[in-house]
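Topology and contacts: notes
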Amino acid sequence: MGGFISEYHSEGLPCKAEVVAGIQSPYEFIHDLEGDCDTRSLLTFALLEGLKIKSSVWVSAEYGHSIIGIAVPTNSMNYKSLHGTRYFATELTAKGFRVGMIAPEHTDMDNWNIVLYNN
C-alpha cells in the first residue's frame, strides 16, 4: 500500500480505526462525517440507489482502496462494464474529483473488482 492511501491515513484524515472492518453504515457516517473510502462508497451507493442512478462499489486489494462507479455519461477511460452498463470510477476521499476521476496511480482497471451494484 502506498501513494494516495498512505498519505490519506498519515495525515489523520477521517478514518475510524475502532470501527469493525472499518465500515460504518450510512446512518452512522452522516452523524459525524468521519469515515474512510469504504464508508463513503457505501453512503454514495445508497444515495444514488435512492435517486435511481445506477452505481457500483469497487474495491482493490492492490491499492487498498474503495471507490464508487457511477453509470452516467462522461468522457473518461476509467470505467468497468457490467451487464452492458459502463460504471465510471470516482474517487470520494479527496476534493476536486468528478465522475470518472481517480488517482493517476489507480487507473489500472484490472486491479478493481465490483463488489456491489444496482440496476
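A few points on the structure. Counting restarts for each chain: residues are numbered from 1 in the order of the written sequence. Since the coordinates come from a predicted model, pLDDT governs what is reported: local features require at least 70, and pairs of side-chain atoms require 80 or more to be given and counted, while whole-chain, interface and lining totals use all residues. Side-chain descriptors were evaluated using all non-hydrogen atoms of the structure, hydrogens and water having been removed beforehand.

Quick notes on the overall build of the chain
Helices and strands together make up the secondary structure of the chain, namely 3 helices and 5 strands. For the purposes of this entry, the term helix denotes a DSSP run of H or I that reaches at least four residues, the term strand denotes a run of E that reaches at least two, and both are numbered from the N terminus. Put simply, the chain runs from its N terminus to its C terminus through helices and strands in the order α-α-α-β-β-β-β-β. Under the scheme applied here, a residue whose accessible area is under 20% of the maximum for its type counts as buried, over 50% as exposed, and between as partly exposed, the area being computed with a 1.4 Å probe on protein chains only. For the chain, the proportion of its 119 residues judged to be buried stands at 40%. In the chain, once contacts between residues fewer than 6 apart in sequence are set aside, the share between residues at least 24 apart is 48%. Areas reported here follow the Shrake-Rupley algorithm with a probe of radius 1.4 Å; residue values treat only the protein chains shown as occluding. Approximately 6800 Å² of the chain is accessible, and the part contributed by carbon and sulfur atoms is 56%. Between two residues, a contact is recorded if the distance between any of their heavy atoms is within 4.5 Å.

What about the packing of aromatic side chains?
Paired rings are identified among Phe, Tyr and Trp, the last through its six-membered ring, by centres lying within 6.5 Å, and are further divided according to the angle between planes into stacked (under 30 degrees), edge-to-face (over 60) and tilted (the rest). Applying the stated criterion to the full structure yields 3 aromatic pairs. Centre to centre, the rings of W58 and W112 are 6.3 Å apart; their planes meet at 55°, and the pair counts as tilted. You can see W58 sitting in strand β1 (residues 55-60) and its partner W112 sitting in the loop between β4 (85-90) and β5 (113-117), a full 54 residues away along the chain. In this structure W58 comes out as buried when scored by relative accessible area, which is 0%.

Quick look at the sheet that holds strand β2 (residues 65-70)
Pairing in this open sheet of 5 strands is antiparallel, and the strands run β3-β4-β2-β1-β5 from one edge to the other. At either end of the open sheet lies a strand with only one pairing partner, and these are β3 (79-82) and β5. The sheet shows a mean angle of 35° between the axes of neighbouring strands, direction not considered. In terms of strand pairing, β3 meets β4 through 4 bridges, oriented antiparallel. Strand pairing is assigned whenever DSSP identifies at least 2 bridges connecting the two strands. Note on geometry: axes are C-alpha line fits, over the in-contact stretch for helices, and angles between N-to-C directions span 0 to 180 degrees.

Some remarks on the pairing of β1
For β1, a buried count of 5 out of 6 residues is recorded, marking the element as mostly surrounded by other parts of the structure. As paired strands, β1 and β2 are joined by 6 bridges and run antiparallel to one another. What sits directly across from S60, in β2, is H65. Counted along the chain from β1 to the antiparallel partner β2, the turn is 4 residues long, and its residue G64 has a positive phi close to 60°. Strand direction decides the pairing type here: β1 and β5, joined by 4 bridges, are antiparallel. Bridge pairing links V57 to L116 in β5.

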